[in-house]
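# Coordinate analysis (summary)
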Amino acid sequence: GEKLFSLTEAAMREQAYGNARTVLCESLVRACTVRYVAASGDARAVAAAVAEEHARSFLWVGELAKVLERYEAARDRYPTLEEFAPDLVGFFRDAAADTEAALARRPKVVTMTPANGATDVDPATQAIVITFDRPMRDRSWAVVGGGEHFPKLGSLSYDAERKVLTIPVELKPDWEYEFWLNRGRYDAFRSAEGEALAPVRVRFRTRGQ
């Protein structure tokens, strides 16, 4: 549990899951929800439910639901969940290693201009430029946000190698801006291999004129 929490801490804290025990318990709750959906017999609904959990960084819930399916099928052997607990322990141990490997396959932001967190951005800046560590899927992006602190955006585009993303913007002086690259079910920023970018919160402030 501690390993899983450390690997996904930022995303978990964003959802108010502040420690490993909570993440373990919430994982079981979410896996039970997937099993409930599975009872409908709708495979597409199950896939959508698992995809939603992935978007929330519960990358292991789909497999955990399959473990609970084994429990359901062997209640004569496991009259209580407590007696099935050793199987759950084994699952979570393996899930920590599998999750670490899965996260290593995800694309990452290498640089961002203006820098994320900057407090003196020139309001005349015309574009936010983001460099990824690998080629990304073209015309697939999710700049998430809204309201008065969301910048006015132009048409996004990648360079020829699809590693450098240019986001045209219109900014005003002495103003705070905020948006996300991927968030929740909006996870269209993906590598060419289809791996989703972990949610990145972008915040900066322009200087006064």
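So, here is what we can say about the structure in this document. All values derive from a computational prediction rather than experimental measurement.

Bringing unusual backbone geometry into the picture now. Omega for the peptide link from T113 to P114 comes to 0°, which places this bond in the cis form. Position of P114 among the secondary structure elements: in the loop between β1 (109–113) and β2 (127–132). Even without being glycine, A16 reaches a positive phi, approximately 70°. Note that A16 resides in the loop between α1 (2–14) and α2 (20–38). Its relative accessible area of 65% is what places A16 among the exposed residues. One non-glycine residue, R139, adopts positive backbone phi at about 55°. According to the relative accessible area criterion, R139 is exposed, its value standing at 67%.

Looking now at the packing of aromatic side chains. Any two aromatic rings considered together are summarised by their centre-to-centre distance and by the angle between their planes. Under the counting rule described, the total for this entry stands at 10 aromatic pairs. Seen from their ring centres, Y78 and F84 are 4.9 Å apart, and the 75° between their planes marks the pair as edge-to-face. Ring centres of F91 and F92 lie 5.3 Å apart, and the angle between their planes is 70°; this geometry places the pair in the edge-to-face category. We note that F91, like F92, is buried. Here the aromatic residues F132, W141, Y158 and F189 are joined through ring pairs into a cluster of three or more.

Quick look at the sheet that holds strand β8 (residues 200–205) now. Two pairing modes exist for strands in a sheet, parallel and antiparallel, and in both the strands are linked by backbone hydrogen bonds. With antiparallel pairing, 3 strands are arranged side by side in an open sheet as β3-β7-β8. Taken across any chain shown, the strands that pair with only one partner, and hence form the sheet edges, are β3 (143–144) and β8. As paired elements, β3 and strand β7 (residues 176–181) share 2 bridges and run antiparallel to each other. By the bridge assignment, V143 is partnered in β7 with L181.

Here helix α3 (residues 43–55) is 13 residues long and its end C-alpha atoms lie 18 Å apart, about the 18 Å a rise of 1.5 Å per residue gives. Residues of α3 that are buried: A49, V50, E53 and A55. Check the buried side of α3 and you find it contacts α2 and α4 (61–73). Structurally, the start of α3 carries an N-cap: the backbone nitrogen of R44 is 3.0 Å from a side-chain oxygen of D42. S57 sits one or two positions beyond α3 and adopts a positive phi of about 75°.

What counts and what doesn't
Residues numbered from 1 in each chain as written. Predicted model: local features only at pLDDT ≥ 70, side-chain atom pairs only at ≥ 80, totals over all residues. Heavy atoms only, no water. Helix = DSSP H or I, 4+ residues; strand = E, 2+ residues; numbered from the N terminus. Buried < 20%, exposed > 50% of the residue type's maximum accessible area, 1.4 Å probe, protein only. Phe/Tyr/Trp six-rings, centres within 6.5 Å; stacked < 30°, edge-to-face > 60°. Pairing = 2+ DSSP bridges. Expected span 1.5 Å × (residues − 1). Contact = heavy atoms within 4.5 Å. Polar contact = N/O pair within 3.5 Å; in protein donor to acceptor, adjacent residues only side chain to side chain.

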